[in-house]
Amino acid sequence: MSSESSAATPARSPVFVASVIATGVLAVGLVIVAALYFQATTELAATKAELAKEVARAAELKTDLNSARTELQSLAAQSTKLKSEMEAKEQVLAEEKSRAESATTALEREKARPPAVPVRVEFRRSGMGRGLVGIFSNYSSKQLPVVIALHNPTTGLRKQLSIQIAPGSRAELGHLEGWQFASGDQVAIGSAGHEALRVTVP
């Protein structure tokens, strides 16, 4: 009976054992490969996430750079505008200064000029029918010695007369005094300490 039982139990062949071992090794290998794949996938996902962060950070930096560039351009434009305004104001100030200096110079020159001869000149027709008579009125409060230079541009005649005019009074010059006034005659009236008065007979 015992010999029959031993014969009934099949013996495990080396091929079967090797097959089992190979299957186990393959299963372990698959587990290791799956673990490595999972780890690689996880690391790749983390790398992608980090890369996405870097890309977002780069985009943010680019936006900041564009904003800074735009602001810099705006500041440059404002600086140019301010510079132009300053130059315009400086030019206006220079012109105002020049005008003020000119006005001051003119005022000083006016102050330095002697007063005009206080004589008013009028003309009337001669009662004798010989040209015009000149009327020279002294409207000052002082005796006024004057020199009257006469010139007729048409004939070229010239004459100089010296007269005294009492304050508030007048003197008349005409044919009897040696000069027959005519239209266009040039008359210059001078007196010491005064600026000459020039008149053209109308």
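Computed from a predicted model, the values in this text were never measured in an experiment. (Residues numbered from 1 in each chain as written. Predicted model: local features only at pLDDT ≥ 70, side-chain atom pairs only at ≥ 80, totals over all residues. Heavy atoms only, no water.)

Caption draft 1: Seen up close, the overall build of the chain. The helix and strand tally for the chain stands at two helices and seven strands. Start at the N end of the chain and walk to the C end: the helices and strands fall as α-α-β-β-β-β-β-β-β. Taken over C-alpha atoms, the radius of gyration comes to 62 Å for the chain, far larger than the 17 Å a tight globule of 202 residues would show. In terms of principal-axis extent, the alpha carbons of the chain reach across some 200 × 35 × 20 Å. Per-residue burial over the chain gives 16% buried out of 202 residues. Relative to all contacts within the chain whose residues are 6 or more apart in sequence, the contacts with residues 24 or more apart total 53%. Summing over all exposed atoms, the chain offers an accessible surface of approximately 15,300 Å²; the carbon and sulfur share of this is 61%. Positive and negative side-chain charges in the chain, numbering 23 and 20 respectively, have mean positions lying 14 Å apart. (Helix = DSSP H or I, 4+ residues; strand = E, 2+ residues; numbered from the N terminus. Rg over C-alpha atoms; globule rule 2.2 N^0.38 Å. Buried < 20%, exposed > 50% of the residue type's maximum accessible area, 1.4 Å probe, protein only. Contact = heavy atoms within 4.5 Å. Areas by Shrake-Rupley, 256 points an atom, 1.4 Å probe, with all protein chains shown as cover. Lys, Arg positive; Asp, Glu negative; His and termini not counted. Charge placed at Lys NZ, Arg CZ, Asp CG, Glu CD.)

Caption draft 2: Looking closely at the environment of Leu 150. On the secondary structure map, Leu 150 appears in strand E3 (residues 144-151). Residue Leu 150 is classed as buried on the basis of its relative accessible area, which comes to 3%.

Caption draft 3: View of the pairing of E3. The pairing of E3 with strand E4 (residues 158-165) spans eight bridges and is antiparallel. When the sheet's bridge partners are listed, Ala 149 is paired in E4 with Gln 160. Here E3 folds back onto E4, and the loop between the two strands holds six residues, one of which, Gly 156, carries a positive phi near 80°. Here five bridges tie E3 to strand E6 (residues 186-190), and the two strands are oriented antiparallel to one another. When the sheet's bridge partners are listed, Ile 148 is paired in E6 with Ile 189. (Pairing = 2+ DSSP bridges.)

Caption draft 4: Region of interest: the side chain of Ser 126. Among the structural elements, Ser 126 can be located in the loop between strand E1 (119-125) and strand E2 (132-138). Of the residues examined, Ser 126 reaches a relative accessible area of 14% and is grouped as buried. A polar atom in the side chain of Ser 126 sits 3.1 Å from the backbone nitrogen of Met 128. (Polar contact = N/O pair within 3.5 Å; in protein donor to acceptor, adjacent residues only side chain to side chain.)

Caption draft 5: Inspection of the sheet that holds E3 at higher detail. What the four strands build is an open sheet, ordered E4-E3-E6-E7; its pairing is antiparallel. At either end of the open sheet lies a strand with only one pairing partner, and these are E4 and strand E7 (197-200). When the angles between neighbouring strand axes are averaged without regard to direction, this sheet yields 20°. (Axes fitted to C-alpha atoms, helices over the stretch in contact; angles between N-to-C directions.)

Caption draft 6: Quick peek at the packing of aromatic side chains. Summed over all chains, the structure comprises two aromatic pairs. Summarising the aromatic geometry, the rings of Phe 123 and Phe 181 are spaced 5.4 Å apart at their centres and angled 65° between planes, so their arrangement reads as edge-to-face. Of this pair, Phe 123 sits in strand E1 while Phe 181 sits in the loop between strand E5 (170-173) and E6; the two residues are 58 residues apart in sequence, bridging distant segments of the chain. With a centroid separation of 6.4 Å and 50° between ring planes, the pair formed by Phe 136 and Phe 181 is classed as tilted. Taken together, the positions of Phe 136 in strand E2 and Phe 181 in the loop between E5 and E6 put the pair 45 residues apart, joining distant regions of the chain. Per residue, the accessibility class of Phe 136 equals that of Phe 181, and both read buried. (Phe/Tyr/Trp six-rings, centres within 6.5 Å; stacked < 30°, edge-to-face > 60°.)

Caption draft 7: Layout of a nonpolar patch on the surface. A cluster of nonpolar side chains, contributed by Phe 16, Val 17, Val 20, Ile 21 and Val 25, occupies part of the molecular surface with about 460 Å² of accessible area. Position of Val 17 among the secondary structure elements: in helix H2 (residues 14-112). (Patch = residues over 30% accessible without salt bridge, like charges linked within 9 Å, V, L, I, M, F, W, Y side chains within 5 Å. Salt bridge = Lys/Arg side-chain N within 4 Å of Asp/Glu carboxyl O.)

In short, shape yes, function no, at least from these values alone.
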